[in-house]
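# Observations on the model geometry
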Amino acid sequence: MSDTANGSSTTKEPETRPDVSGVDGDATDKELEAMKARVKEMEEEAAKLREMQAQVEKEMNLTEEDKEAVDARSVYVGNVDYSATPEELQAHFQSAGTINRVTILCDKWTGHPKGFAYVEFAEPDLVANAMALNESLFHGRQIKVTPKRTNVPGMSRGRGRGRGGYRGGYYGYNPYGFRPRGRGRYRGY
DNA sequence: GTTGAGCGTT
């Protein structure tokens, strides 16, 4: 509350003020302006936070549904050539229908491609069409097209989920014993 | 200076 320092600004104000309202009034005005500015900033921050929150909640709501829905729309492509690109895969599976996304999985640590990919279609019906491309020749190799399933292979395919508490969670097996960091996966589109 | 089973996320 000292009139000597306005605080925020280092700008020196010239004393030549045609304003006859008095210095006190001017100071009050300035404080009011500063306050308004602060309020505005706070409002902006609040809005930003609110938006972020809404987005998070929205994503949270969609996550479960989409996660399961995406699995129904996606197919697993195995035996993919290491030099294959998502565009080629997309070109290959485009004949089945509209492709939402093509993702080639690569090892995040070594960077080497794992040799398989996912093709996410726009609708689950196209997955059946994609089955026609099963064991089709791609890069001189016969790719394997199977409906995607989220879990480690080798486990009995008898519906293991639904009984245990594994609902919506991964089976949490990472061969590195560490949490993956960075994004080394190659994504087309 | 690599090899062929593998199920990912924004």
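Now for a quick tour of the structure.

Reading the values: the criteria
- Residues numbered from 1 in each chain as written.
- Chains lettered and ligands numbered in written order.
- Predicted model: local features only at pLDDT ≥ 70, side-chain atom pairs only at ≥ 80, totals over all residues.
- Heavy atoms only, no water.
- Helix = DSSP H or I, 4+ residues; strand = E, 2+ residues; numbered from the N terminus.
- Buried < 20%, exposed > 50% of the residue type's maximum accessible area, 1.4 Å probe, protein only.
- Contact = heavy atoms within 4.5 Å.
- Areas by Shrake-Rupley, 256 points an atom, 1.4 Å probe, with all protein chains shown as cover.
- Patch = residues over 30% accessible without salt bridge, like charges linked within 9 Å, V, L, I, M, F, W, Y side chains within 5 Å.
- Salt bridge = Lys/Arg side-chain N within 4 Å of Asp/Glu carboxyl O.
- Lys, Arg positive; Asp, Glu negative; His and termini not counted.
- Charge placed at Lys NZ, Arg CZ, Asp CG, Glu CD.
- Pairing = 2+ DSSP bridges.
- Phe/Tyr/Trp six-rings, centres within 6.5 Å; stacked < 30°, edge-to-face > 60°.
- Lys NZ or Arg CZ within 6 Å of the ring centre and 35° of its normal.
- Core = buried A, V, L, I, M, F, W, Y, C linked by side-chain atoms within 4.5 Å.

## What about the overall build of chain A?
- Of regular secondary structure, chain A possesses 3 helices and 7 strands.
- Looking at chain A as a whole, 20% of its 189 residues qualify as buried.
- The contacts of chain A with a sequence gap of at least 6 include a subset with a gap of at least 24, amounting to 65%.
- Total accessible area on chain A stands at roughly 15,100 Å², and carbon and sulfur atoms take up 51% of it.

## Describing a negative patch on the surface
- Residues E41, E43, E44 and E45 make up a contiguous surface patch of negative charge.
- Residue position: E45 is located in helix α1 (residues 23–73).
- By relative accessible area, which is 48% here, E45 ends up partly exposed.

## A short note on the pairing of strand β2 (residues 99–106)
- Of all 8 residues making up β2, 6 are buried, and the element is well covered by its neighbours.
- Strand direction decides the pairing type here: β2 and strand β3 (residues 113–121), joined by 6 bridges, are antiparallel. Paired with I99 across the strands is F121, a residue of β3.
- With antiparallel pairing between neighbouring strands as the criterion, β2 and β3 make up a hairpin whose turn holds 6 residues, including G111 at a positive phi of roughly 85°.

## With respect to the packing of aromatic side chains
- In the structure shown here, the tally under the stated rule is 4 aromatic pairs.
- Summarising the aromatic geometry, the rings of Y76 and Y118 are spaced 6.2 Å apart at their centres and angled 55° between planes, so their arrangement reads as tilted. Of this pair, Y76 sits in strand β1 (residues 74–78) while Y118 sits in strand β3, placing them 42 residues apart in sequence.
- Under the relative-accessibility criterion, Y76 is labelled partly exposed at 27%.
- In this structure Y118 comes out as partly exposed when scored by relative accessible area, which is 24%.
- Counting every residue linked through ring pairs, the aromatic cluster contains Y76, F116 and Y118.
- Here the guanidinium or amino end of K148 rests over the ring plane of Y118, the centre of that ring lying 5.2 Å away.

## Let's talk about the nonpolar core
- V75, V77, L89, F93, V119 and F121 are the most contacted members of the largest nonpolar core, which has 21 residues in total.
- Breaking this core down by element, the ones donating at least two residues are β1, α2 (86–93), β2, β3 and α3 (125–130).
- Of all the elements, β2 adds the most residues to this core, at 4 residues.
- Not counting residues up to four positions away in its chain, the partners in contact with V119 are R73, S74, V75, V77, F93, I99, R101 and V102.

## Observations regarding the pattern of salt bridges
- Enumeration according to the criterion identifies 1 salt bridge in this entry.
- Between K148 and D71 there is a salt bridge whose closest N-O contact spans 3.6 Å. Separated by 77 residues along the polypeptide, K148 in the loop between β6 (144–147) and β7 (186–187) and D71 in helix α1 bring together distant segments of the chain. For the pair K148 and D71, one class covers both residues: buried.

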